[in-house]
Amino acid sequence: MSILTTALNRPFQLLDAFGRRYRVQLKTALPAIFSMTSLLFFGVLLLVLWISDPVDYHDYISAPAALLLWAAGLAIALFTYVGLIFLWSMSAVSRSITLPISAVGLVAFLLSTVFHKVTGSLLSQGLWEQELFPSHIYLLLTQIGFEALYLRYGLPKSFQDIAARKAGDAYDRTAVPLQTETTYETHDNSVTFAGEQAIPLNEIWLVRALEHYVEIHGRSGEPRVVRARITDFLEQVSEADGIQTHRSWWVSASAAKELVTEGGKRFLALQDGQKIPVSRGRHPDVSAWLGKL
C-alpha cells in the first residue's frame, strides 16, 4: 500500500480548542471539506469578515477588492489546513497522538496574515498598514471559534448530506413499486431493507441514524448508507447482536469494549478505539448488557 493510500485511509483524532475530540479519516473528510455544504459554511465566514471589516480595508480599497482579498486569504488558510493535516496523517505518530487543530490553525493564520499584509499594501498603493493589535486578536479568536463550530456542526452536516445524496441515488435506481407496503425481510444472522441485499450481522460494526437513512459501518471500508429508519434495523436484531446506546447509534456485541467517561459525558469505547455516545437514560442498560458479554 502506498504512503498516499495509507494517509487517506488511516483514522486519526483531532482536538478542538474546547477539548472535544473528533475521529477523522481523510478518505471521507476531503470530499466533505470541499462539498457544497462546507463551502456555504465558509461563505458565511467570508461575509462576516467582509462586513465587519476588522482591519479597515474599506477605508483604503474598494468593497469588491476587499471581498476578493478576504476570499483569497480564506482559501490560503483552508489549503494550509488540508495540507498540514494530510502530512500529519502520513506520519506514524498520527495513530497514537491527538492533533490539536488550533496548532494547524496557527500556521494557517500566520500564512494568511502575511498574504494580507503584502496584498493589502499593494491594492491600497501603500496607504493601508497592517495593525496586529487589536484586529488580529479578533481574527485569531474568530478563527478558533470557527474551527470548533465547523468540526462540531459543519463537517458532520457535510458527511450527512453526502451520505444522503449517495443513498438517494442508489434508492432511485432500485425497482421498488410505488403505493405498496414496504416490508423488511429478516434472514438468519442478517438484516434486509427494501431494495437492498441482505447484510450479514457479523459484518456490521455499528449503525448510525441519519434522518431518513441509516449508515451501516463494517470493521473496515466505506460505510453503507440505506434509505430506512434505525427502528427498521432494530426490529431485526436482538440483544445478543448488539445494543442501542443512543437514539442515533447501535453498536454490535463484537465491537463493544468498555464504558468510559470524558468531560462528564458517557461513551462506549469500541475495540478499534472509537467512542460512541451513550445517553443518560440508556446507560444502565448498556452497563448491564456489557456485563453479560
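### Topic: the layout of surface pockets
- Here the second largest pocket is characterised by a volume of approximately 760 Å³.
- Elements with a contribution of two residues or more to the lining of the second largest pocket: helix 2 (26-33), helix 3 (36-52), helix 4 (63-90), helix 5 (101-123) and helix 6 (135-173).
- Of the residues forming the lining of the second largest pocket, the biggest block, ten residues, is contributed by helix 4.

### Observations regarding the nonpolar core
- Ranked by size, the top nonpolar core spans 39 residues in total, and within it Phe 12, Leu 14, Tyr 57, Trp 70, Ile 85 and Ile 101 carry the most contacts.
- For this core, the secondary structure elements donating two or more residues are strand 1 (11-15), strand 2 (21-25), helix 2, helix 3, helix 4, helix 5 and helix 6.
- Top contributing element to this core by residue count: helix 4, with eleven residues.
- Look past the residues within four positions of Tyr 57 in its chain and what remains in contact with it is Ala 66, Leu 69, Trp 70, His 116, Gly 120 and Trp 128.
- Counting residues in hydrophobic clusters, the runner-up holds 15 residues, among them Ile 199, Leu 201, Ile 216 and Val 226.

### Looking at the side chain of Ser 35
- Checked against the element boundaries, Ser 35 lands in the loop between helix 2 and helix 3.
- At 3.3 Å, the side chain of Ser 35 and the side chain of Ser 158 are in polar contact.
- Discounting chain neighbours no more than four positions away, the residues touching Ser 35 are Ser 158 and Ile 162.

### Some words on the pattern of salt bridges
- One pass over the structure, following the stated rule, counts three salt bridges.
- With its nearest N and O atoms 3.1 Å apart, the salt bridge here joins Asp 232 to Arg 229.
- A salt bridge links Glu 239 to Lys 292; the shortest N-O distance between them is 3.4 Å. Of this pair, Glu 239 sits in the loop between helix 7 (230-234) and strand 10 (242-246) while Lys 292 sits in helix 8 (residues 283-292), and the two are 53 residues apart along the sequence.
- We classify Glu 239 as partly exposed; its relative accessible area is 47%.
- What makes Lys 292 exposed here is its relative accessible area of 62%.

### A closer look at the packing of helix 2 against helix 4
- Where helix 2 contacts helix 4, the axes come no closer than 12 Å and their chain directions differ by 175 degrees. Considered as vectors, helix 2 and helix 4 are oriented roughly antiparallel to each other. Residues Leu 26, Leu 30 and Ile 33 of helix 2 touch helix 4, and the partners they reach there are Leu 78, Val 82, Ile 85, Phe 86 and Ser 89.
- Looking at the contact of helix 2 with helix 4 residue by residue, the classes come out as seven nonpolar, one polar and no charged.

### Quick look at the sheet that holds strand 7 (residues 206-210)
- Reading across the sheet, the five strands line up as 9-8-7-11-10 and stay open at both edges, with antiparallel pairing between neighbours. Every interior strand has two partners, whereas the edge strands, strand 9 (224-227) and strand 10, have only one. The sheet shows a mean angle of 20 degrees between the axes of neighbouring strands, direction not considered.
- Along the sheet, helix 8 makes contact with strand 10 and strand 11 (249-252), crossing strand 10 at roughly 155 degrees.

### Quick look at the sheet that holds strand 3 (residues 99-100)
- Taken in spatial order, the three strands make up an open sheet running 2-1-3, and their pairing is mixed. Each edge of the open sheet is held by one strand with a lone partner, namely strand 2 and strand 3.
- Strand contacts of helix 2: strand 1 and strand 2, with the helix running at about 95 degrees to strand 2, the strand carrying the most contacts.

### So, the pairing of strand 1
- Along strand 1, the buried face is formed by Phe 12 and Leu 14; none of Pro 11, Gln 13 and Leu 15, which line the opposite face, is buried.
- Sheet topology note: the strand 1/strand 2 ladder contains five bridges and is antiparallel. Bridging across to strand 2, Pro 11 finds its partner in Gln 25.
- What sits between the antiparallel neighbours strand 1 and strand 2 is a turn of five residues, in which Gly 19 has the positive phi angle 85 degrees.
- Sheet topology places strand 1 next to strand 3; two bridges connect them, and they run parallel. Bridge assignment links Leu 15 to a residue of strand 3, and that residue is Pro 100.

### Some details on the side chain of Thr 113
- Mapped onto the elements of the fold, Thr 113 is located in helix 5.
- Overall, the relative accessible area of 13% leaves Thr 113 in the buried class.
- Beyond its immediate chain neighbours, meaning those up to four positions away, Thr 113 contacts Gln 130 and His 136.

### A short note on the pairing of strand 8 (residues 213-217)
- Where burial is concerned, most of strand 8 is hidden: four out of the five residues are buried.
- In this sheet, strand 8 lies alongside strand 7 in antiparallel orientation, the contact comprising five bridges. The residue bridging Leu 210 from the neighbouring strand is Tyr 213, located in strand 8.
- Adjacent in sequence and paired antiparallel, strand 7 and strand 8 are bridged by two residues, among which Glu 211 carries a positive phi angle near 55 degrees.

Criteria and cut-off values
- Residues numbered from 1 in each chain as written.
- Predicted model: local features only at pLDDT ≥ 70, side-chain atom pairs only at ≥ 80, totals over all residues.
- Heavy atoms only, no water.
- 1 Å grid on protein atoms, 1.4 Å probe; cavity = no way out; pocket = protein on both sides within 12 Å on 5 of 7 lines; lining within 4 Å.
- Points joined across faces, edges and corners; volume = space filled by probe spheres on them.
- Helix = DSSP H or I, 4+ residues; strand = E, 2+ residues; numbered from the N terminus.
- Core = buried A, V, L, I, M, F, W, Y, C linked by side-chain atoms within 4.5 Å.
- Buried < 20%, exposed > 50% of the residue type's maximum accessible area, 1.4 Å probe, protein only.
- Contact = heavy atoms within 4.5 Å.
- Polar contact = N/O pair within 3.5 Å; in protein donor to acceptor, adjacent residues only side chain to side chain.
- Salt bridge = Lys/Arg side-chain N within 4 Å of Asp/Glu carboxyl O.
- Axes fitted to C-alpha atoms, helices over the stretch in contact; angles between N-to-C directions.
- Parallel < 35°, antiparallel > 145°, perpendicular 65-115°, else oblique.
- Nonpolar A, V, L, I, M, F, W, Y, C, P; charged D, E, K, R; others polar.
- Pairing = 2+ DSSP bridges.

By themselves these figures say nothing about function.
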